[in-house]
Amino acid sequence: MTPPVYESSDAFVLGLDAQDPLRPFRDEFLHVASASGAPAVYLAGNSLGIQPRKARKYVQMEMEDWERLGVEGHVHGRHPWLPYHELLTDQVARVVGAQPLEVVVMNTLSVNLHLMMVSFYRPTRERFKILIEGGAFPSDQYAVASQARFHGYDPKEAIIRLEPREGEDTLRPEDILEAVERHGKEVALVMMGSVNYLTGQAFDLRAITRVAHAQGCKVGFDLAHGAGNLKLSLHDDGPDFAVWCSYKYLNGGPGSLGGVFVHERHARSPELPRFEGWWGHNKATRFEMGPTFDPLPGAEGWQLSNPPIFQLAALRASLELFDKATMEALRAKSEKLTGFMEFLLDRLPAGFVTITTPRDPKQRGAQLSLRFKGEPRRLLQRLSTAGIICDFREPDIIRAAPAPLYNTYLDVFRFVKALEAHALE
Ligand SMILES: *Cc1c(COP(=O)(O)O)cnc(C)c1O
């Protein structure tokens, strides 16, 4: 495929939007308003996605059934609550490239990460380490350190952190694989992000899985910034587990439910230790209320509690849109949107901004991380005045992530124009 040719002009931008086959999906969302009342340029979908139009209706429907039916809603609701989470299974499986048996929507990300490590971090005297990227999201770092401690190991010894080479911002793919090979025999679990939250770097899940499995390690991925962003193929890539949240690219709403992938090879492994709860129990006999746990096959067998229906309802509205749009088409647009942003940023006055995210589209998703010279807070103020919402991470990184479901090429153009005004000031 030849790389797209971009131009920096109003006519070119409007042309791109006019030809965008995903353009109608923008109207399926409610847009955050800027101070002027016009829709803001929202580039923070990697942090919290905006509200799908239908989310309120779907939540409202369950509110009404609760009002109308009380406890009977579990069975007689328009969408009965007992199997409600199953409405999301096929859709979320398509988002992450899994079989329906391999996924379930439940809990929240950090909770799920711990539950997965209960099953897949099984340290022994010879093999007790966890390998993780050095700049992993803090919650992931706390999770792996506390799991190591829980098993009686000192995190200083048990956690191997991969750091970029001196003077570099991101990990070289070959260095990751080399480190997995070098440490492999001592590593019980390789636990990486799929896209790093700060640098925007995407890792090669398949290559990491292959090398780690060859060394006898278990492999898990945190897809917080990957789900709904990258075209994933978890089943074929073959990690043992993955976890994600759904309030970022998946637009499930603040604090929305997370998801879990457990590879099919573990679907019927009652010998795997796990923390058990009644929602993971055989559906046919769950309400016999017997004392012995009989796990459901697949990821569902890791469920603990009956899930929050309103949160599932809101997420269902968004997953329907992903299903209609398809991850193939979303990813194709995403590469163009982000490529266009990169093209425009490269034309700003020299030295004003550095893109720390890899230049290779295969090594990133929607997000570009930008390092600014000078006072980033003043720049943020200016962006906010211009009706642009993106986020800032100490000490000097702005993250901008155009979401292909609802952002336009014009959004990207307006963002970079505002930066340019600041640079020329
Ligand atoms: C957003 C994010 C989290 C947040 O965890 P919650 O349990 O959903 O609060 C954790 N890990 C990563 C990598 C993230 O990007």
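Here the structure is a predicted model, which means the values were calculated and not measured.

Rules of the game
Residues numbered from 1 in each chain as written. Predicted model: local features only at pLDDT ≥ 70, side-chain atom pairs only at ≥ 80, totals over all residues. Heavy atoms only, no water. Domains from an automatic or database assignment. Contact = heavy atoms within 4.5 Å. Buried area = accessible area lost by both parts, 1.4 Å probe. Salt bridge = Lys/Arg side-chain N within 4 Å of Asp/Glu carboxyl O. Polar contact = N/O pair within 3.5 Å; in protein donor to acceptor, adjacent residues only side chain to side chain. Helix = DSSP H or I, 4+ residues; strand = E, 2+ residues; numbered from the N terminus. Patch = residues over 30% accessible without salt bridge, like charges linked within 9 Å, V, L, I, M, F, W, Y side chains within 5 Å. Areas by Shrake-Rupley, 256 points an atom, 1.4 Å probe, with all protein chains shown as cover. Near = heavy atom within 4 Å. Nonpolar A, V, L, I, M, F, W, Y, C, P; charged D, E, K, R; others polar. Pairing = 2+ DSSP bridges. Axes fitted to C-alpha atoms, helices over the stretch in contact; angles between N-to-C directions. UniProt positions renumbered as here; feature names shortened; annotations may be inferred. Buried < 20%, exposed > 50% of the residue type's maximum accessible area, 1.4 Å probe, protein only. Parallel < 35°, antiparallel > 145°, perpendicular 65-115°, else oblique. Left-handed = near helix turned anticlockwise from the far one by under 90°. Core = buried A, V, L, I, M, F, W, Y, C linked by side-chain atoms within 4.5 Å.

Another point: the domain arrangement of the protein. When cut into domains, the protein gives domain 1 (10-30 + 327-423) and domain 2 (62-323). Relative to domain 2, the C-alpha centre of domain 1 lies at a distance of 29 Å. In this assembly, 25 residues from domain 1 lie in contact with 21 residues from domain 2. Taken together, both faces of the contact between domain 1 and domain 2 bury some 1900 Å²; the carbon and sulfur share is 59%. Of all residues in domain 1, Met327, Gln363 and Gln367 bury the most surface against domain 2, accounting for 29% of the area lost on that side. Where domain 1 meets domain 2, there are two salt bridges. Note that Asp169 and Arg371 form a salt bridge whose closest N and O atoms lie 3.2 Å from each other. Here domain 1 and domain 2 share nine residue pairs in polar contact (both at pLDDT 80 or more) between them. Mapped onto the side of domain 1 that touches domain 2, the elements with two or more residues apiece are helix 12 (327-345), strand 12 (368-372) and strand 15 (397-400). A per-element tally of the side of domain 1 that touches domain 2 places helix 12 first, with five residues.

Turning our attention to a nonpolar patch on the surface. A cluster of nonpolar side chains, namely Met63, Trp66 and Phe310, defines an oily patch on the protein surface of about 300 Å² accessible area. With respect to the element layout, Phe310 can be found in helix 11 (residues 309-325).

A few words now on the site of the ligand. Neighbouring residues of the ligand: Leu109, Ser110, Phe137, Asp140, Asp222, Ala224, His225, Tyr247 and Lys248. Take His225: an N or O atom from its side chain is 3.2 Å from an oxygen atom of the ligand. Summarising the interface, the protein chains cover 83% of the accessible area of the ligand, which totals 390 Å² for the free molecule. Here the shell around the ligand is composed, by residue class, of four nonpolar, two polar and three charged.

Moving on, we come to the sheet that holds strand 6 (residues 159-162). Here seven strands make up an open sheet; going across it, the order is 4-10-9-8-7-5-6 and the pairing mixed. The two strands at the open ends of the sheet, each matched to only one other strand, are strand 4 (103-106) and strand 6. Between one strand axis and the next, the sheet turns by 20 degrees as a mean value, whatever way the strands run. Here four bridges tie strand 9 (residues 241-244) to strand 10 (residues 258-262), and the two strands are oriented antiparallel to one another. Note that in strand 10 the partner of Val243 across the bridge is Val260.

In the numbering adopted here, UniProt assigns the feature "modified residue: N6-(pyridoxal phosphate)lysine" (unreviewed entry) to Lys248. The residue Lys248 is located in the loop between strand 9 and strand 10 in this model. Excluding anything up to four places from it in sequence, Lys248 contacts Gly45, Asn46, Ser47, Leu48, Gly49, Ala224 and His225.

Looking now at the pattern of salt bridges. Following the criterion strictly, the structure yields 27 salt bridges and no others. For Asp396, the salt bridge is made with Arg371, and the minimal N-O distance between the two is 3.5 Å. One end of the pair, Asp396, is in the loop between strand 14 (391-393) and strand 15; the other, Arg371, is in strand 12, with 25 residues separating them in the sequence. Look at Arg371 and you get partly exposed, because its relative accessible area is 29%.

Attention shifts here to the packing of helix 12 against helix 14 (residues 409-424). Running from N to C, helix 12 and helix 14 cross one another at 20 degrees; their axes reach a closest spacing of 10 Å. What the angle tells us is that helix 12 and helix 14 run roughly parallel. Classified by chirality, the crossing of helix 14 by helix 12 is right-handed. Residues Lys333, Lys336, Leu337, Phe340, Met341, Leu344 and Leu345 of helix 12 form the contact with helix 14, whose own contacting residues are Tyr409, Val412, Phe413, Phe415, Val416 and Leu419.

To continue, consider the UniProt feature "binding site: pyridoxal 5'-phosphate" (unreviewed entry) in the protein. This chain's UniProt record puts "binding site: pyridoxal 5'-phosphate" (unreviewed entry) on Leu109, Ser110, Phe137, Pro138, Ser139, Asp140, Asp222, His225, Tyr247, Trp278 and Asn306. Look at the named residues: they lie 198 residues apart in sequence, and the longest C-alpha span between them is 30.9 Å, so in the fold they stay spread out. Take Ser139: its relative accessible area is 21%, and that puts it in the partly exposed class. Of note, Trp278 is situated in the loop between strand 10 and helix 11. When its relative accessible area of 36% is taken as the criterion, Trp278 is described as partly exposed. Each residue touching Trp278, except ones within four places of it in the same chain, is listed here: Arg286, Phe287, Met289, Leu304, Ser305 and Asn306.

In terms of burial, strand 5 (residues 129-133) is largely enclosed, as five of its five residues are buried. A two-sided burial pattern is seen for strand 5, the buried positions comprising Lys129, Leu131 and Glu133 on one face and Ile130 and Ile132 on the other. The sheet contact formed by strand 5 and strand 7 (residues 187-193) spans three bridges and is parallel. Its bridge partner lying in strand 7, Ile130 is registered against Leu189. As paired strands, strand 5 and strand 6 are joined by four bridges and run parallel to one another. Residue pairing for strand 6: Ile132 is matched across the bridge by Arg161.

The next subject is the nonpolar core. A general feature of soluble globular proteins is that nonpolar side chains tend to end up buried together. Judged by nonpolar contacts, the single largest core of 64 residues is most densely connected at Val96, Val190, Met192, Leu223, Trp244 and Leu405. Per-domain counts for this core show at least three residues from each of domain 1 (10-30 + 327-423) and domain 2 (62-323). The contact partners of Val190, leaving out residues within four places of it in the chain, are Leu131, Val180, Ile208, Ala212, Cys217, Lys218, Val219 and Gly220. If you look at the next biggest cluster of nonpolar residues, it comprises 33 residues, including Val13, Val353, Phe392 and Ile398.

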